[in-house]
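# Per-entry structural report
So you can see what is in the structure, the chains are spelled out below.
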Amino acid sequence: MTTQAPGSGIGGDEFSIRAARRADLLAVVRIENESFTQPWPHDAFERFLGEPGFLVALEEPTNVVGYIVADMTQNFGRQLGHVKDVAVHPDHRETGVGTALLTHALAVLAAHGADSVKLEVRRSNDDAKRLYREFGFEPLRVVPGYYEDGEDAIVMLRKLE
């Protein structure tokens, strides 16, 4: 299923969001490598293929401009959504792609029974923290040294209605 996302790509072109496919992985890994100092390897993404929360944003017809990886876990008998990774190609940031991906992922997680969603974000990543706060995520706790380079993570949580 592909849905049109509210937003635009470069030059005003609309983008769409759909479930990630194997053919998208090379583009996803390229975006990951351009976005993070400690990127996930290809096989990490491959393990999430088929998860309903692994979504890509496409600038028509097939140019991947962003992605989100989210899944579900059991937590004390309740379903907890977990946003594991999200990134937008540097040329497509500030165009609504990240907002649309997060909106779609939260809807998918809610449809699969999540009553809340958590994520981890680098303490220094102010842009991401701002986006997550706009979506109603609240800081829950700090995990010291969470990232390989020793930086702390802030665990954020949002309850779904």
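Refer to the structure printed above.
Here the structure is a predicted model, which is why all the values come from computation and not from measurement.

Turning our eyes to something else, we now look at the overall build of the protein chain. Looking only at helices and strands, the protein chain has four helices and eight strands in total. In the protein chain, the succession of α and β elements from N to C terminus is β-β-α-α-β-β-β-α-β-α-β-β. Its C-alpha atoms give the protein chain a radius of gyration of 15 Å, within 12% of the compact-globule value 15 Å for 161 residues. Seen through its principal axes, the protein chain has C-alpha atoms that stretch 40 × 35 × 30 Å. Taken over 161 residues, the protein chain has a buried fraction of 43%. If you take every contact in the protein chain between residues at least 6 apart in sequence, the share linking residues at least 24 apart comes to 58%. Taken as a whole, the protein chain presents about 8,600 Å² of accessible surface, with 51% of it coming from carbon and sulfur. Looking at the protein chain, you have 17 positive and 25 negative side-chain charges, and the mean spots of the two groups are 5 Å apart.

Moving on, we come to the side chain of aspartate 85. Inspection of the secondary structure puts aspartate 85 in strand S5 (residues 78–88). Put simply, aspartate 85 is tucked away with no salt bridge, and the nearest opposite charge, on arginine 122, sits 9.7 Å away. Those residues within four positions of aspartate 85 in sequence are excluded, and the remaining contacts are Glu32, Phe36, Trp40, Phe45, Tyr67, Ile68 and Val69.

A few words now on the pattern of salt bridges. Under the counting rule described, the total for this entry stands at eleven salt bridges. Salt-bridge contacts for glutamate 46 lead to arginine 22; the nearest nitrogen and oxygen are separated by 2.6 Å. With glutamate 46 in helix H2 (residues 42–48) and arginine 22 in the loop between strand S2 (15–19) and helix H1 (25–35), this residue pair connects regions lying 24 residues apart in the sequence. We classify arginine 22 as exposed; its relative accessible area is 54%. For aspartate 149, the salt bridge goes to arginine 122, with nearest N and O atoms at 3.1 Å. With a gap of 27 residues between them, aspartate 149 in the loop between strand S7 (138–143) and strand S8 (153–159) and arginine 122 in strand S6 (residues 116–122) connect regions that are remote in the sequence. With relative accessibility at 16%, the residue arginine 122 sits in the buried group. Through salt bridges with shared partners, a single ionic network connects Arg122, Asp149 and Glu151.

Turning next to the pairing of S6. Within S6, six of the seven residues are buried, which leaves it mostly tucked inside the rest of the structure. Where S5 meets S6, four bridges bridge the pair, whose relative direction is parallel. From the neighbouring strand, histidine 82 faces S6, where its bridge partner is lysine 118. Handedness of the β-α-β unit built from S5, helix H3 (residues 97–111) and S6 comes out right-handed. As judged from the seven bridges shared by S6 and S8, these two strands associate in the antiparallel manner. Along S8, the bridge assignment pairs leucine 119 with methionine 156.

By size, the foremost hydrophobic cluster in this structure holds 28 residues, and its most contacted members are Leu102, Tyr132 and Phe137. A total of seven residues in this core trace back to one element, the largest contributor, which is H3. When near neighbours in sequence (up to four residues on either side) are disregarded, tyrosine 132 contacts Val86, Leu102, Leu119, Val121, Phe137 and Met156. Grouped together as the second largest cluster of nonpolar side chains are 14 residues, Ile31, Phe48, Val56 and Val69 included.

Each value, and the rule that gives it
- Residues numbered from 1 in each chain as written.
- Predicted model: local features only at pLDDT ≥ 70, side-chain atom pairs only at ≥ 80, totals over all residues.
- Heavy atoms only, no water.
- Helix = DSSP H or I, 4+ residues; strand = E, 2+ residues; numbered from the N terminus.
- Rg over C-alpha atoms; globule rule 2.2 N^0.38 Å.
- Buried < 20%, exposed > 50% of the residue type's maximum accessible area, 1.4 Å probe, protein only.
- Contact = heavy atoms within 4.5 Å.
- Areas by Shrake-Rupley, 256 points an atom, 1.4 Å probe, with all protein chains shown as cover.
- Lys, Arg positive; Asp, Glu negative; His and termini not counted.
- Charge placed at Lys NZ, Arg CZ, Asp CG, Glu CD.
- Salt bridge = Lys/Arg side-chain N within 4 Å of Asp/Glu carboxyl O.
- Pairing = 2+ DSSP bridges.
- Right-handed = clockwise from strand over helix to strand, strands pointing away.
- Core = buried A, V, L, I, M, F, W, Y, C linked by side-chain atoms within 4.5 Å.

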